[in-house]
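Residues per chain, in single letters:
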Protein chains: 2
Amino acid sequence: MKVSGDLLIGGAALRGGAASFSATNPAIGSTMEPSFAGATKNQVEQATAIAWDAFPIYRETPLEKRALFLEAIAENILELGDDLILRAMDETGLPRGRLEGERARTVGQLCLFAKEVREGAFQELRLDPADPDRKPAPKPDLRLRNVALGPVAVFGASNFPLAFSVAGGDTASALAAGCPVIVKAHSAHPGTSALVGSAVQQAVAASGLPAGTFALLFDAGFEVGQMLVADHRIRAVGFTGSRRGGTALMNIASERKQPIPVYAEMSSINPVILFPNALRNNAEAIGKSFASSLTLGAGQFCTNPGLIIAIDGPGLDAFINAASAALQESPAQTMLTGGMCEAYRKGVARLSASLSVSQLATGKQGTPQQAAAALFETSSASFLSEPELQEEIFGAAGLIVRCRDEADLRQVVNSLEGQLTIALHVHQDDLSNAAEMLSQLELLAGRLLVNGFGTGVEVSPAMVHGGPYPATSDGRSTSVGTLAIYRFLRPVSYQDFPPELLPAPLQSR
Amino acid sequence: MKVSGDLLIGGAALRGGAASFSATNPAIGSTMEPSFAGATKNQVEQATAIAWDAFPIYRETPLEKRALFLEAIAENILELGDDLILRAMDETGLPRGRLEGERARTVGQLCLFAKEVREGAFQELRLDPADPDRKPAPKPDLRLRNVALGPVAVFGASNFPLAFSVAGGDTASALAAGCPVIVKAHSAHPGTSALVGSAVQQAVAASGLPAGTFALLFDAGFEVGQMLVADHRIRAVGFTGSRRGGTALMNIASERKQPIPVYAEMSSINPVILFPNALRNNAEAIGKSFASSLTLGAGQFCTNPGLIIAIDGPGLDAFINAASAALQESPAQTMLTGGMCEAYRKGVARLSASLSVSQLATGKQGTPQQAAAALFETSSASFLSEPELQEEIFGAAGLIVRCRDEADLRQVVNSLEGQLTIALHVHQDDLSNAAEMLSQLELLAGRLLVNGFGTGVEVSPAMVHGGPYPATSDGRSTSVGTLAIYRFLRPVSYQDFPPELLPAPLQSR
């Protein structure tokens, strides 16, 4: 399928009227066809206006029809076949295997939400019958259901060109909730976005849904996203990206006449705590698997393990030796964009230059477009006194914090900001120590895991991909797993409604 | 029981170190004993520090113990007996019957949350078992539960000295969720607050809970509340009051290093839409019951029906005649505070002076401390062009918007800000018209009701006392009913945990 550079609005493909841009192949730095023209203010307004008009119809679509629509999107994505994979490979530098896996995850996610929609539990139907004889006052008939918030602006993420982009988790959960979606494509993979966007647009038409149910907008800069979040018809925002980008959207949203929720997944260094007996018994294996997790996908995962916390001793030294040896053998990898590669190198250079940090290992060097893994060490005292050491370096860079003793380690843990994940590596003899720390850890992260690493996020009913600020803007939510649908709903209560006026899902009860 | 003017912190009664104030009997304007001294910065920090220390213990209290604690609070409040009612009558000007009813509601609310705690559904326990044989990658064991957010700051509301104050809905739901609570007492009923506070404090001690589970602070001004919301150990806020107060707290919360959720219930004019056939058939009865609802409790309810929207015609005139006649006979009532009475008079005077508003009726005049009901009328054109006509006048003031036709009425409805409730008065022949408007109304309010008024908020599983901004700060939540507990929870996922490390509620599954 040929990639179009057009905006997708209202079932049509329109050439954007603002500045245009092209995708770059990050592996070789070359520009790709076609050019994508950004949306003008009028085109953004056109998209939000028809999304608003589509909303009352789309949100009352029968559940079966909505589920079939989500499944149709999944089928259409699969039907794009290798065109999609090849374009995504060129635009992101990610290997085929990873992208095929991500496509499976994206399709699986859509089907999982289709199942949630069919089951309908998300509607939270509650029925509280009248009691006219109650004293001192009669009890009214009360019924409750969740309704969709309204049109949602979704920002494609650079690091998941399929699973967290045009038809990714935010879009799937918002559509499942009954919200029209307007996607602002990430400028790093516009062609991939265009292909997936056409798959969604075709599903909208084939399902007989209002054309405003979905739109895809491009932008060479930030204006389209800002306009979307400020538009009064947009009622929630899904975003995965940098802390700077996320907080900028949070500020726009909170300054609106009617503030709206922003679900921004922003930054996390995903601390890994190595307990003494785990190090005593298993340092080498943990070191190797840490190196694998750190370098997976060039370290470009939100759940990349960027921080190791452990107590000084021969076990920690053995871990460091094993991790360093593995990292030194790790090949350089192409990062998603040249800008990210540059930011990664700057972050690594900053740590290298820091007097309180020592460099332990560097991965193999590659082409000018590729990044080498890097491992650093610092003392607990430096970590505690230099908050900038907690800043995420997006990519395969890890920092080890060497603590003096358990009390010192606790203090380091206590200084952590909110995280997506915290991993504990424990031996049977560490369990009582770990248990003591658990209530502290639960307050710091959305997901805790034992003897593993956070990379590889299961899409399931018990997953939380979220966490306290600054990991996300709203630690009460998750952007992965079935609970994600609740981000786009609010409860409404109906009192003493005659049956014929009740919304259909509340009538039949 | 003698009323103490002391702060309640850590199981002790302490004299506040800041400026002191006294309650005023609003019916006669006289000052009451004792004096209440505000908390200093150090005292606020003392309260938040011990709340933080109590949190890990309190949140893991077995559910049965937590439920018994809530029931013990309820029992202790009842044991205060008439001392509580008499003090509240003196401090608020509210009549005995209303306060006895409110006490029953407060106690019932605590017992309802005790039941929710026992049932435990709020924990949202989810179990997603491992599948080591899954291809391409094994599936981890994932378990999920909701955990409490942390210590919560609750602001007592002026208009519900029992049900939305020290042991009211916010406190009950936060304690039920597992959050320690620090209450900033409303300065209009400090004695009532002190009595209820002692009931809670005694229940904490008798239940063997950490003393930091509850604290009660006084303040002559706003500093204590501001300090609480800014304190890093406070993790959520419950507030019922003015839009100015609520948005001030929202701003403090969003500017923290770690922003926190603020659940502020602020302002609502609770529109009532009178449909043509209802007016044709039933104008007089609706007019009379509107007047009753408008003047109930001197109009000092969040759900007071401040706005009537209807189409011009003889039915509307008949409604106005009936409502005006009833209001002219309504006695003046003492308002909660002299300040509120003054603000009410100013609001009424502002409408009276407006060239686009005509005054229809005034209630009987009373003492200088009492307020008379007032009814006004304006045209749809004026209402649409003057947004200040949507501003809440707290008290028994109503505004009727006369619309030209159905399209005009729709436009007026479309211009409304977010509301707690919208009421529809319909006859059988209006149902199809009403049904067409329903999807618009669902987006504007948390509760819709038919042929009634919003006053009288049922405490039940299907209640939503919330609504889009500015009715509340977070339209995804309710402050009344069992769903209120979810405001103070967030999900945490546990991956591949050995059984002995799992939190108790997830072990047994």
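Going by what an unreviewed UniProt entry lists, chain A is known as Aldehyde dehydrogenase (NADP(+)) and is assigned to Rhizobium indigoferae.

A. Spatial organisation of the interface of chain A and chain B. Counting residues at the interface gives 66 residues for chain A, matched by 66 residues for chain B. Around 5500 Å² of area is buried between chain A and chain B when both sides are counted, 58% of it from carbon and sulfur atoms. In this assembly, chain A and chain B are joined by eight salt bridges. For the pair chain A and chain B, the interface holds 38 residue pairs in polar contact (both at pLDDT 80 or more). Its residues assigned to classes, the side of chain A that touches chain B shows 37 nonpolar, nine polar and 20 charged. Here strand 21 (residues 489-495) of chain A pairs with strand 20 (residues 445-450) of chain B via three bridges, running parallel. Of the residues in strand 20 of chain B, the one forming a bridge with Tyr494 of chain A is Leu448 of chain B.

B. Highlighting the packing of helix 1 (residues 41-58) of chain B against helix 7 (residues 223-230) of chain B. Residues and elements named next belong to chain B. At their nearest, the axes of helix 1 and helix 7 sit 10 Å apart, and the two run at 40° to each other. Considering the angle they form, helix 1 stands oblique to helix 7. Here the hand of the crossing between helix 1 and helix 7 comes out right-handed. Between helix 1 and helix 7, the residues in contact are Lys41, Val44 and Thr48 and Val224, Met227 and Leu228, respectively. Among the residues forming the contact of helix 1 with helix 7, the class breakdown is four nonpolar, one polar and one charged.

C. Broad picture of helix 14 (residues 431-442) of chain B. In this model, helix 14 of chain B (12 residues) spans 16 Å end to end at C-alpha, consistent with the 16 Å of a helix rising 1.5 Å per residue. Turning to helix 14 of chain B, its buried residues number three or more, namely Leu431, Ala434, Met437, Leu438, Gln440, Leu441 and Glu442 of chain B.

D. Summary view of the nonpolar core. Of all hydrophobic cores here, the largest spans 156 residues; its most connected members are Ile73 and Phe319 of chain A. When neighbours within four sequence positions are excluded, Phe319 of chain A is seen to be in contact with Leu274, Leu279, Ala283, Ile286, Gly287, Phe290, Ile308 and Ile400 of chain A.

E. Seen up close, the domain arrangement of chain A. Residue and element names in this part refer to chain A. When cut into domains, chain A gives domain 1 (9-17 + 34-131 + 139-266 + 472-507) and domain 2 (271-450). Measuring from the centre of the C-alpha atoms in domain 1 to the corresponding centre in domain 2 gives 34 Å. Across the boundary between the two partners, domain 1 contributes 14 residues, which contact 12 residues of domain 2. Note on domain 1 versus domain 2: buried area summed over both sides is about 940 Å², and carbon and sulfur give 59% of it. Viewed at the interface, domain 2 and domain 1 are joined by one salt bridge. The tally of links between domain 1 and domain 2 comes to two residue pairs in polar contact (both at pLDDT 80 or more). The residue inventory of the side of domain 1 that touches domain 2, partitioned by class, reads four nonpolar, six polar and four charged.

Rules used in this analysis
- Residues numbered from 1 in each chain as written.
- Chains lettered and ligands numbered in written order.
- Predicted model: local features only at pLDDT ≥ 70, side-chain atom pairs only at ≥ 80, totals over all residues.
- Heavy atoms only, no water.
- Contact = heavy atoms within 4.5 Å.
- Buried area = accessible area lost by both parts, 1.4 Å probe.
- Salt bridge = Lys/Arg side-chain N within 4 Å of Asp/Glu carboxyl O.
- Polar contact = N/O pair within 3.5 Å; in protein donor to acceptor, adjacent residues only side chain to side chain.
- Nonpolar A, V, L, I, M, F, W, Y, C, P; charged D, E, K, R; others polar.
- Pairing = 2+ DSSP bridges.
- Helix = DSSP H or I, 4+ residues; strand = E, 2+ residues; numbered from the N terminus.
- Axes fitted to C-alpha atoms, helices over the stretch in contact; angles between N-to-C directions.
- Parallel < 35°, antiparallel > 145°, perpendicular 65-115°, else oblique.
- Left-handed = near helix turned anticlockwise from the far one by under 90°.
- Expected span 1.5 Å × (residues − 1).
- Buried < 20%, exposed > 50% of the residue type's maximum accessible area, 1.4 Å probe, protein only.
- Core = buried A, V, L, I, M, F, W, Y, C linked by side-chain atoms within 4.5 Å.
- Domains from an automatic or database assignment.

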